[in-house]
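Descriptive structure summary
The chain contents come next:
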Amino acid sequence: MIYNAYAIPGLKNMQNYLLKDTSSINIDRIIEVTLKYYGLSLEQVQQRIRDTEIINCRRMIIYLLRENTSLTQTEIAKKFNKACLDHTTIVHHMKVARGFIKVNDEIFMQDLKNLKLLI
């Protein structure tokens, strides 16, 4: 019998969890290296400031956490100040990041490449 992953509640999330290799990726390391790369503190990124550099750093942390760990959107949001982010903001940042990748945005792609090497 073949099971449809969408027909069994929770199975699709379990597959995503099992397929992501987080053994060599440390959540705190992703955050620490990204903050250092952008020259910002966690407190700055947690604030509700809309400065371009802070937004770019926040977006990169979110993208790297979502793509390289098994953290859910809600769990990623909890890493930040709740007043600053919720899971819908995570969805928005992921959409923007994937848009940058799709159009091969030079600055985003260079930052992503550099951070992947550092992490």
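Residues numbered from 1 in each chain as written. Predicted model: local features only at pLDDT ≥ 70, side-chain atom pairs only at ≥ 80, totals over all residues. Heavy atoms only, no water.

We now examine the overall build of the protein chain. Of the regular secondary structure elements, the protein chain holds seven helices and zero strands. Reading the protein chain from its N end, one meets helices and strands in the order α-α-α-α-α-α-α. Residues classed as buried in the protein chain amount to 29% of the 119 residues present. Residue pairs at least 24 apart in sequence account for 60% of intrachain contacts in the protein chain once pairs closer than 6 positions are excluded. Summed over its atoms, the accessible surface of the protein chain is roughly 8,000 Å², and 53% of this surface lies on carbon and sulfur atoms. (Helix = DSSP H or I, 4+ residues; strand = E, 2+ residues; numbered from the N terminus. Buried < 20%, exposed > 50% of the residue type's maximum accessible area, 1.4 Å probe, protein only. Contact = heavy atoms within 4.5 Å. Areas by Shrake-Rupley, 256 points an atom, 1.4 Å probe, with all protein chains shown as cover.)

The backbone phi angle of Asn-104 is positive, close to 60°, even though this residue is not glycine. Take Asn-104: it is sitting in the loop between α6 (87-102) and α7 (106-118). Of the residues examined, Asn-104 reaches a relative accessible area of 52% and is grouped as exposed.

With that settled, the discussion passes to the environment of Lys-36. Structurally, Lys-36 can be placed in helix α2 (residues 27-38). Since its relative accessible area comes to 72%, Lys-36 is described here as exposed. C-alpha of Lys-36 to C-alpha of Cys-57: the two residues are 21 residues apart in sequence and 9.8 Å apart in space.

Another point: the packing of aromatic side chains. Summed over all chains, the structure comprises three aromatic pairs. The interplanar angle of 80° and the centroid separation of 5.3 Å between the aromatic rings of Tyr-37 and Tyr-38 together place this pair among those described as edge-to-face. Classification of Tyr-37 by relative accessible area gives partly exposed; the value is 30%. When its relative accessible area of 11% is taken as the criterion, Tyr-38 is described as buried. (Phe/Tyr/Trp six-rings, centres within 6.5 Å; stacked < 30°, edge-to-face > 60°.)

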